[in-house]
Amino acid sequence: MIQTLEWTESGVVFIDQTKLPTEEVYVTCTTHQQVADVIRNMVVRGAPAIGVAAAMGIALGVKNSKATNAADLKKDFDQICEAIRQTRPTAVNLFWAIRRMTEKFESLRPRTIAEIRQAQQVMIEESQRMHAEDIAANQAMGRHGATLMPSTGGVLTHCNAGALATAGYGTALGVIRAAVEAGKKIHVYADETRPFLQGSRLTAWELMKDGIPTTVISDNMAGVMMQQGKIGAIVVGADRIAANGDVANKIGTYTVAILAKEHGIPFYVAAPISTVDLATPDGSKIPIEQRNAREVTHIGGRQMTPDGVEIENPAFDVTPAKYIAAIITERGIARAPYKESLSELATPRLPS
Ligand code: MRU
């Protein structure tokens, strides 16, 4: 199984996603600042993976704290969270993870040195629990979503919503994996996903490792693949799902959703409940990260645009809920009207 990120005795170890597919190298972070940097620089990326990385970064920061009293530990904790919070703005899983780690931290209230040591350990364990829960959520999502996949034929995906974008197994690719495990004969069409190439570099890499038939297409080929009848369904991940079902995901997702509508192809989103943001009423309120122009101007270090030309590089777009056939979560499948179905799935349940 691909290890996207892992807590170890020597630090948090990440597979360096900026180097794939040609080099499989690992980076070990020993401080929360280093974790913040690997999130910002996309050594680790993908909403659920960013969430777990944030939790592990916070745990690392708390572990490294030299505080000997509760007030100093709290001061350190707040600084650690702030450093992690400033990394990437769109994937809500980052903020969800900070909130969950904060709730755990607040519940501890250590006073003595011994209690501080114990609290440091509890925070590590909480981040590891989030790692394990994410894999379990993806597997559950896979079981629900596999039923929606065609028994044979092409399924298109955009960006990388696979093992590499999560703690393991994947969201959209988890659905595809589960469908293949259930005996469905799926051929994946992976959009290249300019400018960062998550589709061609990462999705193709991990699907080939699993022996799942895959064709990489450049983003502008998606329409003709649909027109030629090669695509039976589309499944993508999400970085943030607003209360009304609008979905922020990798730039280009919106285009695919519109093409799907025109061709009558179901467009599905697979994401854990931690990606649903009921506090954001609709997609217009989702902050969209703008990234460095160099991601657009250069490919593999080679300049592709004339000096001085203006560049736009929004990392995400918002697909309106009306284009989405269903949202697959670990708790079940939500359908329109999403305001009701998502709030039903996302509201914490009291034990009966
Ligand atoms: O900029 P990235 O690579 O972090 O963007 C990733 C995506 O847009 C994914 O589709 C999304 O995070 C879902 S990952 C399961």
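For the structure itself, look to the data block above.
Asker: Help me get a handle on the sheet that holds strand S1 (residues 5-8), residues and values and all.
Answerer: If you walk across this open sheet you meet the 3 strands as S1-S2-S3, and the pairing is antiparallel. Lying at the two open borders of the sheet, with one neighbouring strand each, are S1 and strand S3 (26-29). Taken pair by pair, the neighbouring strands of this sheet meet at an average axis angle of 25 degrees, ignoring direction. Of the strand pairs in this sheet, strand S2 (residues 11-15) and S3 are connected by 4 bridges, and their pairing is antiparallel. Bridge pairing in S3 places Val 13 opposite Thr 28.

Asker: Go over the site of the ligand with me, naming the residues and quoting the values.
Answerer: Close to the ligand lie 19 residues, the nearest being Arg 45, Arg 88, Asp 239, Asn 249 and Lys 250. Gln 198 is positioned such that a nitrogen or oxygen atom in its side chain is 2.8 Å from an oxygen atom of the ligand. Within the side chain of Asn 249, a nitrogen or oxygen atom sits 2.6 Å from an oxygen atom of the ligand. When the free accessible area of the ligand is taken as 410 Å², the share hidden by the protein chains comes to 100%. In terms of residue class, the shell around the ligand is made up of 8 nonpolar, 7 polar and 4 charged. Two domains each donate at least three residues to the shell around the ligand, and these are domain 1 (5-140) and domain 2 (142-346).

Asker: Let's hear about the pattern of salt bridges: which residues, and what values?
Answerer: On inspection of all chains with the given rule, the structure shows 17 salt bridges. Across the pair Arg 129 and Glu 126 runs a salt bridge whose closest N-O atoms are separated by 2.3 Å. Placement of the pair is Arg 129 and Glu 126 together in helix H5 (residues 113-146), with a separation of 3 residues, close to one helical turn. A residue is classified by how much of its surface remains accessible, and Arg 129, at 38% relative accessible area, is partly exposed. The closest approach of N and O atoms between Glu 206 and Arg 177, which form a salt bridge, is 2.8 Å. With a gap of 29 residues between them, Glu 206 in helix H7 (residues 198-209) and Arg 177 in helix H6 (residues 172-181) connect regions that are remote in the sequence. One salt-bridge network, in which partners are shared between bridges, spans Arg 88, Glu 289, Arg 291 and Glu 295.

Asker: Run through the sheet that holds strand S7 (residues 231-236), naming residues and quoting values.
Answerer: The sheet built from 7 strands is open, its strands ordered S6-S5-S4-S7-S10-S15-S16 with mixed pairing. With one partner strand each, in any of the chains shown, strand S6 (214-217) and strand S16 (332-334) form the two edges of the open sheet. On average, adjacent strands in this sheet sit at an angle of 25 degrees to one another, irrespective of strand direction. Here 6 bridges tie strand S4 (residues 152-157) to strand S5 (residues 185-191), and the two strands are oriented parallel to one another. Bridge pairing links Thr 152 to Lys 185 in S5. Sheet strands in contact with H6 are S4, S5, S7, strand S10 (267-270) and strand S15 (326-329), and its direction is about 160 degrees off that of S5.

Asker: I'd like a rundown of the nonpolar core, residues and numbers included.
Answerer: Counting 41 residues, the largest nonpolar core has Phe 14, Ile 58 and Ile 84 as the members making the most contacts within it. Among the elements that make up this core, the one with the highest residue count is helix H2 (residues 47-64) (12 residues). When neighbours within four sequence positions are excluded, Phe 14 is seen to be in contact with Thr 4, Leu 5, Val 25, Tyr 26, Val 27, Cys 29, Val 35, Val 38, Val 43, Val 44 and Ala 53. Judged by nonpolar contacts, the second largest core, of 30 residues, contains Ile 217, Ala 238, Ala 321 and Tyr 338.

Asker: Go over the layout of surface pockets with me, naming the residues and quoting the values.
Answerer: The computed volume of the largest pocket comes to approximately 630 Å³. Taken together, 25 residues make up the lining of the largest pocket; nearest its centre are Trp 96, Arg 99, Ile 273, Ser 274 and Val 276. Secondary structure elements with two or more residues in the lining of the largest pocket: H2, helix H4 (92-108), H5 and strand S11 (276-277). Here the lining of the largest pocket is composed, by residue class, of 14 nonpolar, 3 polar and 8 charged. When residues of the lining of the largest pocket are assigned to domains, at least three map to each of domain 1 (5-140) and domain 2 (142-346). Taken as a whole, the second largest pocket holds about 330 Å³ of empty space. For the second largest pocket, the full set of lining residues is Arg 194, Pro 195, Phe 196, Leu 197, Arg 201, Asn 292, Arg 294, Glu 295, His 298, Ile 299, Gly 300 and Gly 301. For the lining of the second largest pocket, the elements supplying multiple residues, two or more each, are helix H10 (294-297) and strand S12 (298-299). Looking at side-chain class alone, the lining of the second largest pocket contains 4 nonpolar, 4 polar and 4 charged residues.

Criteria and cut-off values
- Residues numbered from 1 in each chain as written.
- Predicted model: local features only at pLDDT ≥ 70, side-chain atom pairs only at ≥ 80, totals over all residues.
- Heavy atoms only, no water.
- Pairing = 2+ DSSP bridges.
- Helix = DSSP H or I, 4+ residues; strand = E, 2+ residues; numbered from the N terminus.
- Axes fitted to C-alpha atoms, helices over the stretch in contact; angles between N-to-C directions.
- Near = heavy atom within 4 Å.
- Polar contact = N/O pair within 3.5 Å; in protein donor to acceptor, adjacent residues only side chain to side chain.
- Areas by Shrake-Rupley, 256 points an atom, 1.4 Å probe, with all protein chains shown as cover.
- Nonpolar A, V, L, I, M, F, W, Y, C, P; charged D, E, K, R; others polar.
- Domains from an automatic or database assignment.
- Salt bridge = Lys/Arg side-chain N within 4 Å of Asp/Glu carboxyl O.
- Buried < 20%, exposed > 50% of the residue type's maximum accessible area, 1.4 Å probe, protein only.
- Contact = heavy atoms within 4.5 Å.
- Core = buried A, V, L, I, M, F, W, Y, C linked by side-chain atoms within 4.5 Å.
- 1 Å grid on protein atoms, 1.4 Å probe; cavity = no way out; pocket = protein on both sides within 12 Å on 5 of 7 lines; lining within 4 Å.
- Points joined across faces, edges and corners; volume = space filled by probe spheres on them.

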